[in-house]
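Residue strings, one per chain:
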Amino acid sequence: NFISKASLERLKSLVPEDIDFEKNIDLIGLAFNAAVVNQFNKNDDGIDTKTAIAIKDYFIHKPTNIEHNKKKIVGHIVSSAFSRIYNDEILSSIEDDNDSPFNLALGAVIYSAANKEFAEIAMRSVDPEDEMYQAVSASWELGFNDYVLAIGSDKLNEAEIITEEKSINELSQYLKAFDGEGMLKDGTPIYRLVVGEVYPLGIGFTANPAADVKGIYIHKDKKKEQSEAEEESEAIERINVDNKKYFLQNKKNISQNQIL
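Here is what the cut-offs are and how they apply
Residues numbered from 1 in each chain as written. Predicted model: local features only at pLDDT ≥ 70, side-chain atom pairs only at ≥ 80, totals over all residues. Heavy atoms only, no water. Salt bridge = Lys/Arg side-chain N within 4 Å of Asp/Glu carboxyl O. Helix = DSSP H or I, 4+ residues; strand = E, 2+ residues; numbered from the N terminus. Buried < 20%, exposed > 50% of the residue type's maximum accessible area, 1.4 Å probe, protein only. Contact = heavy atoms within 4.5 Å. 1 Å grid on protein atoms, 1.4 Å probe; cavity = no way out; pocket = protein on both sides within 12 Å on 5 of 7 lines; lining within 4 Å. Points joined across faces, edges and corners; volume = space filled by probe spheres on them. Nonpolar A, V, L, I, M, F, W, Y, C, P; charged D, E, K, R; others polar. Core = buried A, V, L, I, M, F, W, Y, C linked by side-chain atoms within 4.5 Å. Patch = residues over 30% accessible without salt bridge, like charges linked within 9 Å, V, L, I, M, F, W, Y side chains within 5 Å. Areas by Shrake-Rupley, 256 points an atom, 1.4 Å probe, with all protein chains shown as cover. Lys, Arg positive; Asp, Glu negative; His and termini not counted. Charge placed at Lys NZ, Arg CZ, Asp CG, Glu CD.

Student: Could you give me a rundown of the pattern of salt bridges, with the residues and numbers involved?
Tutor: Within the structure shown, the criterion is met by 8 salt bridges. With a shortest N-O distance of 3.8 Å, Asp44 and Lys176 are connected by a salt bridge. Within this pair, whereas Asp44 is found in the loop between β1 (27-37) and β2 (45-46), its partner Lys176 is found in the loop between α4 (165-171) and β9 (190-206), the two being separated by 132 residues in sequence. A residue is classified by how much of its surface remains accessible, and Asp44, at 7% relative accessible area, is buried. Exposure remark for Lys176: the relative accessible area of 39% places this residue in the partly exposed category. Here Arg84 and Glu89 are joined by a salt bridge, their closest N and O atoms 3.3 Å apart. Assessed through its relative accessible area of 38%, Arg84 is described here as partly exposed. Note on Glu89: relative accessible area 37%, which makes it partly exposed.

Written out as structure tokens, the structure reads:
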């Protein structure tokens, strides 16, 4: 799913205006879609509108990391919102009975001084002329215990929901989360709808997000643009080669997005 630069710029209001990026030279402001609500991701997991509304603001102040590695914290989340799927327009409100797909969008800051290599990769990932364009996306992390099943479609409003405990116990073996094939014996796809108490834990910046989201938006202070251009060639040379290869080659591995 190709997301244009112009589209992602619609998320720029998620970068707080009260952060002075000229003075806070070690911070980079950014925004991104982290998940799609009412649609199951590549790990066959999803949440509905009611859960999304309940947890949205609890992403704020949670950490961001590289590829869900808790030891590689690179920033934290500062804002949250919902955005329209495919064109990323910020939604001023959402009805709790809405069952159509839409995005969970987040604003964050990156600690550029703490991990200069990743900061440079992130900056390059928003340049359409760079080989690493859109190499960085975001994938949520959730803590939860309870779920029901959805069968037949990756769109929640087209799926059959299974809530009966006995059926859930019998059919869970087919879920990808439990090393199943993600489909029943007859080939019908099966998904896990997360319900109950759900705890946002943060997001991982990844080369291959589980959800149908792509890329990030980075706030660039106009006064920094000239110095950034002057330092561009030097910055590219400073990038950690292993990190670069990881984000270029990791597109076969779907990012994990849940913690039980």
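And the narrative resumes.
Student: Which residues make up the environment of Ser172, and what values do they have?
Tutor: Relative to the assigned elements, Ser172 resides in the loop between α4 and β9. Residue classification places Ser172 among the buried residues on the basis of a relative accessible area of 7%. A sequence separation of 25 residues divides Ser172 from Tyr147, and the C-alpha atoms of the two residues are 10.0 Å apart. Non-local contacts of Ser172, meaning those with residues more than four positions away in its chain, are made with Tyr147, Leu149 and Phe178.

Student: I'd like a rundown of the environment of Ala119, residues and numbers included.
Tutor: Among the structural elements, Ala119 can be located in helix α3 (residues 116-124). For Ala119, a relative accessible area of 5% gives the class buried. Sequence-wise, Ala119 and Val74 are 45 residues apart; in three dimensions their C-alpha atoms are separated by 8.5 Å. With near-sequence residues (within four places) excluded, Ala119 lies in contact with Ile28, Ile110 and Ser112.

Student: Provide a residue-level description of the layout of surface pockets, including the pertinent values.
Tutor: The computed volume of the second largest pocket comes to approximately 200 Å³. In terms of lining, the second largest pocket is formed by Lys12, Ser13, Val15, Pro16, Glu17, Ile19, Phe21, Tyr217 and His219. Per-class residue counts for the lining of the second largest pocket are 5 nonpolar, 2 polar and 2 charged.

Student: Which residues make up the nonpolar core, and what values go with them?
Tutor: The biggest cluster of nonpolar side chains holds 39 residues, and the ones touching the most others in it are Phe32, Phe59, Ile203 and Phe205. Taken together, the elements giving at least two residues each to this core come down to β1, α2 (49-55), β4 (69-83), β6 (102-111), α3, β7 (137-151) and β9. Not counting residues up to four positions away in its chain, the partners in contact with Phe59 are Ile77, Leu104, Leu106, Trp140, Glu141, Leu142, Pro200, Gly202 and Ile203. Counting 16 residues, the second-largest nonpolar core is a separate cluster that includes Phe40, Tyr147, Leu149 and Ala150.

Student: Describe a negative patch on the surface, and please don't skip the residues or the numbers.
Tutor: A contiguous patch of negative charge, built from Glu95, Asp96, Asp97 and Asp99, is present on the exposed surface. Within the secondary structure layout, Asp96 lies in the loop between β5 (90-91) and β6. On the accessibility criterion, Asp96 (55% relative accessible area) is exposed.

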